[in-house]
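Below are the chains, spelled out letter by letter.
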Amino acid sequence: MKSLNPRFIFLLSLTVVSSSFGFYLPGLAPVSFCEEKSKGDAEECQTDIQLFVNRLDSVESVLPYEYDAFDFCKDTNERRPSENLGQVLFGERIETSPYKFSFKADKACVKVCTKSYDIGSSEDKLKLDFLKKGMELNYQHHWIVDNMPVTWCYIVEDGQKVCNPGFPIGCLVNQEGKPKDACVINVRETAFYTTLINIRVISIKHSNDENPTCEGAPMDIPADFKSNLKVTYTYSVTFKQNDDIRWASRWDYILVSMPHTNIQWFSIMNSLVIVLFLTGMVAMIMLRTLHKDIARYNQMDQITEEMNDSEAQEESGWKQVHGDVFRPPRMGMLLSVFLGQGTQVFIMTFITLFLACMGFLSPANRGALMTCAVVLWVLLGTPAGYVSARLYKTFGGENWKTNVLLTAFLCPGIVFVDFFMMNLILWVEGSSAAVPFGTLVAILALWFGISVPLTFVGAYFGFKKPGIEPPVRTNQIPRQIPQQSFFTKAMPGIIMGGILPFGCIFIQLFFILNSIWSHQMYYMFGFLFLVFIILVITCSEATVLLCYFHLCAEDYHWWWRSFLTSGFTAVYLFVYAVHYFFSKLQIIGAASTILYFGYTLIMVLIFFIFTGTIGFFSCFWFVNKIYSVLKVD
């Protein structure tokens, strides 16, 4: 095994950003650096450049670990900056590093520490084995300088430079001498960047650990621990001025190196084609077929006797069920609970993506996206309670206490139990992604102390309102549903209904899964917001189309079907996640596999109630609209 860590050489190229008047987003204002602080500008510039280290992760394992979990050099005066809720939930554990340097103060081969491993010490053997395991699984360092990630930039086959956040702690050469991962790239020519700071990391086996010269062959760690071993960590600093990079564009080198923009536009065009197709279908139904139906239904006396029976039945199909179309559904309690939670998730998603598009939740604001989503979910308990209670009352329900409790606890409870079980696995494995007990208590306090009372408030106002009155009366005796063809039965319609919405999002879904599991940076929130709008339109139109076809077939059981038709998109999401796991990831180990599918189930559940709610309210509006303009004797 070859370690990339024994020696670090930092080639820094910093530009002092002059003070300017303007407004900056929180945490995004430029920091000025200067050689020496004077009394006059003590508050305007900094001399020391702080390098922070974050948790280490791998594409071959779902288990991230803190920097201190590995036997690296540690800061003697270690400090941990305060982390927001999103950072804690994502397993970020930021701390100061032992690599110290000041602005424009060059350093050459400064020794940080020497790690000694005694062959007779079981503790040293465990430390070395854990370090070698990290190299074998290609665990990545994540360093931060001036709120910028240190990225690993290398040239791929087509000559394009690709930059990824993080760089490997080492690499593996197997028994056959075949290099793996970072060993494929010449370690002598591996460079890492933070835009204003260029960092060069190489591996050196020092001949003199007390007075290192930073010259020699690459440091290697044998697979078999048969003799005592010493690993010396050093670093060098050289400052060079570079006037080509401005502070406002310092993220550009990362974004430009990601060859995803063309694919994103292809995704948008693909989604727009689907939307235009569905819009055309809906327009044809609304403006031609449906308009013609309503005109003929309201002037039945003008229908000629020459019309045969089959044509008359086809023309008057959906009118025949006017006395049953608003008959309350079975399990109306559960449906109303899902719709209340779906409304909460829909509003939360819309506001979060909108703020992300405005730049408030950029990658520079670490953990801001998750923090915003959680806080919004907590504060949006009122619309969830209101929608659930109002619809439950419309369905004729009377057990309002059960409805309120289920709205407040059913879906959040399922998510929390799943999350807690995954957290137990992380605790057992000693991963940094394990949420601390205090944070779990804080999440429960937000849930029980804010979200639940707000849900009760919303339900109170929802039950005070009268139920939504249907435009037509409901018959006392249910109408018999005629024999249905294969395509108008419930399951084929539900399965087909989720295909088109999934087709609009599957390319964007690939980048989202890459961001979560392959630790790639996600920044294209404009594309994501546009895809979100397209998804809402597609779910609505696909559900309305299928709802109309089923009503024409005189099947009036549309309540649950409208929810499940668009909600079935979540099933395709799960199937795609399984495909992604086996085809794109190299995750090994039972714990990582369980964690992957455990967290995936949480995403699938949230997506299910989100898309199902969109389909239901679209169909609810459609059915109310067409029957409200129908004259019924």
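Residues numbered from 1 in each chain as written. Predicted model: local features only at pLDDT ≥ 70, side-chain atom pairs only at ≥ 80, totals over all residues. Heavy atoms only, no water.

A. View of a nonpolar patch on the surface. A contiguous nonpolar surface patch, about 510 Å² in accessible area, is contributed by Phe350, Phe354, Met358, Phe360, Ile533 and Ile537. Of all the elements in the fold, those that place two or more residues in the nonpolar patch are helix H6 (332–357) and helix H13 (525–552). Position of Ile533 among the secondary structure elements: in helix H13. In this structure Ile533 comes out as partly exposed when scored by relative accessible area, which is 31%. (Patch = residues over 30% accessible without salt bridge, like charges linked within 9 Å, V, L, I, M, F, W, Y side chains within 5 Å. Areas by Shrake-Rupley, 256 points an atom, 1.4 Å probe, with all protein chains shown as cover. Salt bridge = Lys/Arg side-chain N within 4 Å of Asp/Glu carboxyl O. Helix = DSSP H or I, 4+ residues; strand = E, 2+ residues; numbered from the N terminus. Buried < 20%, exposed > 50% of the residue type's maximum accessible area, 1.4 Å probe, protein only.)

B. Summary view of the confidence of the model for the protein chain. With 81% of its residues at a pLDDT of 70 or more, the protein chain has an overall mean of 80. A low-confidence stretch, residues 187–193 (pLDDT under 50), is modelled with 34 contacts involving residues beyond four sequence positions or located in other chains. Counting contacts from residues 301–316, a segment whose pLDDT is below 50, to residues more than four positions away or on other chains yields eight contacts. (pLDDT = per-residue confidence, 0-100. Contact = heavy atoms within 4.5 Å.)

C. Molecular detail of the nonpolar core. Membership of the largest hydrophobic core comes to 144 residues, with the highest contact counts inside it found for Leu131, Leu551, Trp558, Tyr596, Phe616, Val623 and Tyr627. Element by element, the count of residues in this core is highest for helix H16 (residues 590–628), at 19 residues. In this view, Trp558 contacts Val325, Phe326, Cys547, Phe616, Cys619, Phe620 and Val623; residues no more than four positions away in its chain are not counted. (Core = buried A, V, L, I, M, F, W, Y, C linked by side-chain atoms within 4.5 Å.)

D. A look at the side chain of Asn54. Tracing the backbone shows Asn54 in the loop between strand E3 (48–53) and strand E4 (56–58). Of the polar contacts made by the side chain of Asn54, one reaches the backbone nitrogen of Arg93; its length is 2.9 Å. For Asn54, the contacting residues outside a window of four places in its chain are Tyr67, Glu92, Arg93, Ile94, His142 and Ile144. (Polar contact = N/O pair within 3.5 Å; in protein donor to acceptor, adjacent residues only side chain to side chain.)

E. Examining the side chain of Ser562 more closely. The residue Ser562 is located in helix H14 (residues 559–567) in this model. Under the relative-accessibility criterion, Ser562 is labelled buried at 3%. For Ser562, the residues in contact, after removing those within four places along its chain, are Thr543, Gly612, Gly615, Phe616 and Cys619.

F. Representation of the sheet that holds strand E10 (residues 148–149). Strand order in the open sheet formed by four strands is E6-E3-E9-E10, with antiparallel pairing between adjacent strands. At either end of the open sheet lies a strand with only one pairing partner, and these are strand E6 (95–102) and E10. In the sheet, strand E9 (residues 143–145) pairs with E10 via two bridges, with the strands oriented antiparallel. Across the sheet, residue Ile144 finds its bridge partner in E10, namely Pro149. (Pairing = 2+ DSSP bridges.)

G. View of the packing of H14 against helix H15 (residues 569–583). Contact geometry of H14 with H15 gives a least axis separation of 5 Å together with a crossing angle of 25 degrees. Taken as axis vectors, H14 and H15 run roughly parallel relative to one another. Here Thr565, Ser566 and Gly567 of H14 come into contact with H15, specifically with Thr569, Ala570 and Val571. Of the residues belonging to the contact of H14 with H15, the class tally is two nonpolar, four polar and no charged. (Axes fitted to C-alpha atoms, helices over the stretch in contact; angles between N-to-C directions. Parallel < 35°, antiparallel > 145°, perpendicular 65-115°, else oblique. Nonpolar A, V, L, I, M, F, W, Y, C, P; charged D, E, K, R; others polar.)

H. Molecular detail of the state of the cysteines. This model, assessed by the stated rule, comprises one disulfide. Between the sulfur atoms of Cys73 and its disulfide mate Cys113 the distance is 1.7 Å. An S-S torsion of about -85 degrees defines the bridge between Cys73 and Cys113 as left-handed. Of this pair, Cys73 sits in the loop between strand E5 (61–65) and helix H1 (85–89) while Cys113 is found in strand E7 (residues 107–117), placing the two residues 40 residues apart along the sequence. Residue classification places Cys113 among the buried positions, given a relative accessible area of 17%. Free of any disulfide, Cys504 has its nearest neighbouring cysteine sulfur in Cys539, separated by 8.2 Å. When its relative accessible area of 1% is taken as the criterion, Cys504 is described as buried. (Disulfide = S-S within 2.5 Å.)

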